[in-house]
Amino acid sequence: MTRLRAVCLALLLLDLLYCVMAVTTVNAPSWDMFAKVEPLDFELTDARGAPVDLRASLPRAFYLVRREMLPALAECACRLRPEPAPWRLRLKDGSFTKDICVP
């Protein structure tokens, strides 16, 4: 029974160390799953037609993987940034276009 207890304690310690590492860094092994997700290829422009970098408004470890999230993120960024509204969000494959921050 002592050997089993030692193995269980070692596994618990390793799990706790992994949890601490996952909380303190974005380089935890579990983040590799996002490397296999195809990136969303989109274009965001302001009222003058100048490109807007939406990723500059997002945290460093934020992954854009769902198309449905784009309008809400662009709306939030539009309210915080000085580029003139309205903004136009467009997927480069042509399947989606939406005006954001329409006055």
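A few points on the structure.

What counts and what doesn't
Residues numbered from 1 in each chain as written. Predicted model: local features only at pLDDT ≥ 70, side-chain atom pairs only at ≥ 80, totals over all residues. Heavy atoms only, no water. Helix = DSSP H or I, 4+ residues; strand = E, 2+ residues; numbered from the N terminus. Buried < 20%, exposed > 50% of the residue type's maximum accessible area, 1.4 Å probe, protein only. Contact = heavy atoms within 4.5 Å. Areas by Shrake-Rupley, 256 points an atom, 1.4 Å probe, with all protein chains shown as cover. Pairing = 2+ DSSP bridges. Axes fitted to C-alpha atoms, helices over the stretch in contact; angles between N-to-C directions. Patch = residues over 30% accessible without salt bridge, like charges linked within 9 Å, V, L, I, M, F, W, Y side chains within 5 Å. Salt bridge = Lys/Arg side-chain N within 4 Å of Asp/Glu carboxyl O.

The subject of this paragraph is the overall build of the protein chain. Scanning the protein chain from N- to C-terminus turns up two helices and three strands. Secondary structure of the protein chain in N-to-C order comes out as α-β-α-β-β. Looking at the 103 residues of the protein chain, the share that counts as buried comes to 22%. Across the protein chain, the fraction of contacts at a sequence separation of at least 24, relative to all contacts at a separation of at least 6, is 48%. If you sum the accessible surface of the protein chain, you get close to 7,700 Å²; carbon and sulfur atoms cover 61% of it.

Sheet architecture is open: three strands sit in the order β1-β2-β3, paired in antiparallel fashion. Both edges of this open sheet fall to β1 (42-45) and β3 (97-100), since each of them pairs with a single strand only. Going from strand to strand, the sheet's axes swing by 15° on average, the running direction of each strand aside. Pairing analysis gives four bridges linking β1 to strand β2 (residues 87-91), with the strands arranged antiparallel. Across the sheet, the residue bridging to leucine 44 is leucine 89, located in β2.

Below, the discussion takes up a nonpolar patch on the surface. A contiguous nonpolar patch, built from Val7, Leu11, Leu13, Leu14 and Leu17 and spanning about 500 Å² of accessible area, is present on the exposed surface. Tracing the backbone shows leucine 11 in helix α1 (residues 2-24).

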